[in-house]
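Here is what each chain is made of, one letter per residue.
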Amino acid sequence: MLYKRSSQLFADAEKVIPGGVNSPVRAFKAVGGTPIFVKSAKGAYLYDEDGNKLIDYINSWGPMVLGHAYEPVVEAVIERAKLGTSFGMPTELETQIAALAIKMVPNIDKIRFVNSGTEACMSAIRLARGYTKRDKIIKFAGCYHGHSDSFLIQAGSGAITFGSPNSPGVTAGTAKDTLLARYNDLDNVVELITANPNEIAAIIVEPVAGNMGCIPPKEGFLEGLRQLCTDNGILLIFDEVMTGFRLAAGGVQELVGVTSDIVCFGKVIGGGLPVGAFAARAEIMNYLAPLGPVYQAGTLSGNPLAMAAGLAMLQALDADRDVFNRLKDKTAYLAAGIDRVLRNNNVVFTINTIGSMISVHFDENAVVDFQTAAKGDNETFKKFFHGLLQEGIYIAPSAYETWFITDALTYEDLDFTIQAIDKVSKTF
Ligand SMILES: *Cc1c(COP(=O)(O)O)cnc(C)c1O
């Protein structure tokens, strides 16, 4: 397949946009070559500016769980747009999507909508700090919680790929309040809590990590965090920006039966429009302005187009809960197929999967945290990525990313993908 026009468009973009992209993970820095420019997408497929049709395993990095240009979402946006696109005043839509989210997710009484996952996580820790009157937070190496200053400390995917885990521009003062722990390592968390008595406001975690490949929590890890938080007056924040409304209607809280104090959403909750949200029990949420002292705001927060898209998406998922089983079955089928062909071709690899998330690591060891994820062979990944692109399959242009399975993928698409992986891995 040729990607000629994309290369030209990228050269034009580079002149006026830093690196030619509006988010670094879109660049092909880790794999070489130039980004693909999309013209349109429908269901499981992308159509690019060169006229290629690609099977999409990124799906806008998660939101398009039912596939691209999902009819009810598109219709909702079109109809809503005719009524005006922003008011800076309340609309009934906001209450409708809030009520539905609260019905679907366990353990939340109130929810506030923002414009991105970054804003959701940033606001969640401000709220946790205000509520507990403590300053420090614990985050895990390789977990990504958006690009706000407090979180750009070993932050996974984009930050790893670009070798700037501690970004310039983040002050030493901010960095000192973020304590770093190893994912899936409770002892490490206990050490940090013991060394900082009564100082830790929150532990924030991706309850299934998705930004260093897909790394499910070890048995007892989330339960252990829950107990440590309860025992030490610390709020547990589940960052479900990636997993919320994807791994189950109620996210990881429902899937593993562990509850957090604050939960962050993004991606699926916006149905492909810019939406984030954070939610908790009333006692915590009432700390927010205008009821409480913790300030948080947004001109476009709860934007009617975004809320219409998100509501249509959540309604579709709520009405068809079997979707989560279908997604899981498709993912398991793909994982088994990839496992079979890579084994036959004597490739060294590890596959991690949970629900509709899957990652392939070119290393023989179990991938359980940032350190083990970093061991993967990037040269093999580059061949894998470009080989698949030539076959018309688009995976994320970085070895640290999860692939997202959508309901729009057919078993024929999965078979085609497995055959392509067979072909490509013979050339390693
Ligand atoms: C994508 C992501 C974010 C950031 O969301 P944006 O909408 O990109 O700001 C935060 N946390 C997790 C777990 C994510 O996957």
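Look a little higher up for the structure.
Scoring rules and cut-offs
Residues numbered from 1 in each chain as written. Predicted model: local features only at pLDDT ≥ 70, side-chain atom pairs only at ≥ 80, totals over all residues. Heavy atoms only, no water. Core = buried A, V, L, I, M, F, W, Y, C linked by side-chain atoms within 4.5 Å. Buried < 20%, exposed > 50% of the residue type's maximum accessible area, 1.4 Å probe, protein only. Helix = DSSP H or I, 4+ residues; strand = E, 2+ residues; numbered from the N terminus. Domains from an automatic or database assignment. Contact = heavy atoms within 4.5 Å. Near = heavy atom within 4 Å. Polar contact = N/O pair within 3.5 Å; in protein donor to acceptor, adjacent residues only side chain to side chain. Areas by Shrake-Rupley, 256 points an atom, 1.4 Å probe, with all protein chains shown as cover. Nonpolar A, V, L, I, M, F, W, Y, C, P; charged D, E, K, R; others polar. Pairing = 2+ DSSP bridges. Axes fitted to C-alpha atoms, helices over the stretch in contact; angles between N-to-C directions.

Novice: Could you give an account of the nonpolar core, naming the residues involved and the relevant values?
Specialist: Counting 111 residues, the largest nonpolar core has Tyr57, Phe140, Ile203, Phe245, Leu317 and Trp403 as the members making the most contacts within it. Looking at which element gives the most residues to this core, the answer is helix H11 (residues 304-319), with eleven residues. When residues of this core are sorted by domain, at least three fall in each of domain 1 (4-69 + 323-425) and domain 2 (71-319). With sequence-adjacent residues up to four places away left out, isoleucine 203 is seen in contact with Ile138, Phe140, Val189, Ile193, Leu225, Cys229, Ile234, Leu235, Leu236 and Ile237.

Novice: For the site of the ligand, give the residues involved together with the corresponding values.
Specialist: Taken together, the residues surrounding the ligand are Ser116, Gly117, Thr118, Tyr144, His145, Gly146, Glu206, Asn211, Asp239, Val241, Met242 and Lys267. Between the ligand and threonine 118, the relevant distance is 2.6 Å, taken from an oxygen atom to a side-chain nitrogen or oxygen of the residue. A distance of 2.6 Å separates an oxygen atom of the ligand from a polar side-chain atom of lysine 267. For the ligand, the protein covers 83% of the area, taking 380 Å² as the surface of the free molecule. Here the residues of the shell around the ligand sort into three nonpolar, six polar and three charged.

Novice: Kindly report on the sheet that holds strand S4 (residues 110-114), identifying the contributing residues and their values.
Specialist: Pairing in this open sheet of seven strands is mixed, and the strands run S4-S10-S9-S8-S7-S5-S6 from one edge to the other. Looking at which strands have only one partner, the edges of the open sheet turn out to be S4 and strand S6 (178-181). Each strand axis lies, on average, 20° off the axis of its neighbour in the sheet, ignoring direction. For strand S5 (residues 136-140) and S6, the ladder comprises four bridges, and the chain directions are parallel. Bridge pairing in S6 places isoleucine 137 opposite threonine 178. In this fold helix H4 (residues 117-132) packs onto S4, S5, strand S7 (200-205), strand S8 (235-239), strand S9 (262-265) and strand S10 (276-280), with an angle of close to 165° to the strand it touches most, S9.

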